[in-house]
Amino acid sequence: MSIPALSPVVAALTPFRRSGAVDPAALRDQLHLLTAAGVRALLVNGTTGEFAACTDAERRAVLELCRAEWPGTLIAHIGGGPIGDVLARAGHAHDHADLLAVITPFFHAGPPRAGVEEYLRRILAGLRLPTFLYSFPRHTQTPLAPESLALLAAEFPEVVAGIKDSGKDRAISAEYKARCPQLTVLLGDDGIGARIRQLGLDGVVSGAGGPVAELPVAIAAAGDGTEADRLQRVFDRYGACRRALPLIDIAFAKAALAERLPGFPLAVRPPLIAADAEQARTIGAVVREVLA
């Protein structure tokens with residue numbers, strides 16, 4: 001299975017108007033900024049895109065707009081909820097995306113491993129595009145075991161392309177690659193880009209880092225060595241500000257993007273809370289600093 005060079009993938013934010021509707025113009029502006037920053041692979045309708053708070057109609061509209069405007073590789077996350085709903089999204093995404101992603105089930109915390117495998121098995125059987133399985137244990141409470149990845153990759157070698165690993169256990173990340181060296185292992189960790197080759201993995205997916213995408217792009221281009229380390233230290237200052245504020249990453253990233261795109265809406269959907277004016281000023285300052 002031939003997979004294009006993906007790193008860094010940037011996860012798109014889904015902008016909302018004050019009315020609550022998706023804002024197509026702001027989404028289009030975001031895509032143009034990412035293209036200018038050198039991003040070549042985009043993940044839409046992922047966690048950063050607030051997929052769990054969006055209707056299926058909204059997710060389809062976001063994917064269609066991105067396909068029309070995005071010149072690079074487009075990864076559509078179709079996961080979440082009942083298997084039938086996931087497969088319905090897949091039927092639409094097959095005509096618009098280059099790759100798919102499917103998150104582990106999150107509506108039952110801590111299900112048995114065999115149940116997780118069966119959930120994903122029934123989805124994978126209905127897919128025809130290369131697909132990344134998506135493990136985000138902090139959100140789902142359902143990690144994808146390396147043994148499960150290996151089993152499903154063996155059963156569906158023409159579909160399972162890799163894994164998006166947003167866990168923080170690097171031993172598990174390494175085991176994914178050890179068990180499945182043919183798969184692409186991408187880490188959802190903005191602090192790891194300069195060390196990705198040392199870890200023997202394939203790249204990163206940046207969520208909150210999208211508003212300063214020039215940095216992860218430059219880190220990936222620099223490879224190993226002092227320049228990558230220097231750029232990573234700059235990027236880490238942005239990450240330190242993100243961790244210091246009492247905001248979820250999505251709200252932080254929307255405020256950061258508003259610094260780059262004046263008027264970009266800060267709105268998030270409940271139960272999330274948007275950045276307030278003082279927080280937005282702090283975020284804007286660190287964006288200016290790291291891009292200077």
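Residues numbered from 1 in each chain as written. Predicted model: local features only at pLDDT ≥ 70, side-chain atom pairs only at ≥ 80, totals over all residues. Heavy atoms only, no water.

1. As for the packing of helix α6 (residues 146–155) against helix α7 (residues 170–179)
Think of two packed helices as two axes; the pair is described by the angle between the axes and how far apart they sit.
Here is step 1 of the chain: One way to put it is that α6 packs onto α7 with a least axis distance of 9 Å and a crossing angle of 25°. On the basis of the axis angle, α6 is roughly parallel to α7. In the packing of α6 onto α7, the handedness of the crossing is right-handed. Of the residues in α7, those touching α6 at Pro-146, Glu-147, Leu-149 and Ala-150 are Ile-172, Glu-175, Tyr-176 and Arg-179.
Here is step 2 of the chain: Split by residue class, the contact of α6 with α7 holds five nonpolar, no polar and three charged. (Axes fitted to C-alpha atoms, helices over the stretch in contact; angles between N-to-C directions. Helix = DSSP H or I, 4+ residues; strand = E, 2+ residues; numbered from the N terminus. Parallel < 35°, antiparallel > 145°, perpendicular 65-115°, else oblique. Left-handed = near helix turned anticlockwise from the far one by under 90°. Contact = heavy atoms within 4.5 Å. Nonpolar A, V, L, I, M, F, W, Y, C, P; charged D, E, K, R; others polar.)

2. Some thoughts on the nonpolar core
Here is step 1 of the chain: In this structure, Leu-42, Leu-127, Leu-149 and Tyr-238 are the most contacted members of the largest nonpolar core, which totals 85 residues.
Here is step 2 of the chain: In terms of residues, this core owes the most to one element, helix α10 (residues 249–260), which gives eight residues.
Here is step 3 of the chain: Setting aside anything within four residues of it in sequence, one finds Leu-42 in contact with Val-9, Val-10, Ala-12, Leu-31, Leu-34, Cys-66, Trp-70, Thr-73, Leu-74 and Ile-75.
Here is step 4 of the chain: Grouped together as the second largest cluster of nonpolar side chains are 12 residues, Leu-6, Leu-43, Ala-101 and Val-205 included. (Core = buried A, V, L, I, M, F, W, Y, C linked by side-chain atoms within 4.5 Å. Buried < 20%, exposed > 50% of the residue type's maximum accessible area, 1.4 Å probe, protein only.)

3. Regarding the side chain of Ser-206
Here is step 1 of the chain: Relative to the elements of secondary structure, Ser-206 occurs in strand β8 (residues 203–206).
Here is step 2 of the chain: Exposure remark for Ser-206: the relative accessible area of 0% places this residue in the buried category.
Here is step 3 of the chain: At 2.7 Å, the side chain of Ser-206 and the side chain of Asp-190 are in polar contact.
Here is step 4 of the chain: Not counting the four nearest positions on each side in its chain, Ser-206 is found in contact with Val-9, Val-10, Ala-11, Asp-190, Pro-216 and Phe-235. (Polar contact = N/O pair within 3.5 Å; in protein donor to acceptor, adjacent residues only side chain to side chain.)

4. What about the pairing of strand β6 (residues 160–165)?
Here is step 1 of the chain: Of all six residues in β6, six are buried, a share of seventy percent or more.
Here is step 2 of the chain: Where β6 meets strand β7 (residues 184–187), four bridges bridge the pair, whose relative direction is parallel. Counted as the bridge partner of Asp-165 is Leu-187 from β7.
Here is step 3 of the chain: Viewed along the sheet, the connection from β6 through α7 into β7 turns out right-handed. (Pairing = 2+ DSSP bridges. Right-handed = clockwise from strand over helix to strand, strands pointing away.)

5. Some points on empty space enclosed by the protein
A water-sized probe rolled over the atoms picks out the places where empty space is left.
Here is step 1 of the chain: Scanning the entire structure with this criterion turns up three cavities of 30 Å³ or more.
Here is step 2 of the chain: What lines the largest cavity is simply Asn-45, Arg-59, Arg-60, Leu-63, Ala-76, His-77, Ile-78, Arg-89, His-92 and Ala-93.
Here is step 3 of the chain: Those elements that place two or more of their residues in the lining of the largest cavity are α2 (56–69), β3 (73–77) and α3 (83–93).
Here is step 4 of the chain: Taken together, the residues of the lining of the largest cavity break down into four nonpolar, three polar and three charged.
Here is step 5 of the chain: As for the second largest cavity, its lining consists of Val-9, Leu-43, Ile-75, Ala-101, Phe-132, Lys-164, Leu-186 and Val-205.
Here is step 6 of the chain: In the lining of the second largest cavity, the residues fall into seven nonpolar, no polar and one charged. (1 Å grid on protein atoms, 1.4 Å probe; cavity = no way out; pocket = protein on both sides within 12 Å on 5 of 7 lines; lining within 4 Å. Points joined across faces, edges and corners; volume = space filled by probe spheres on them.)

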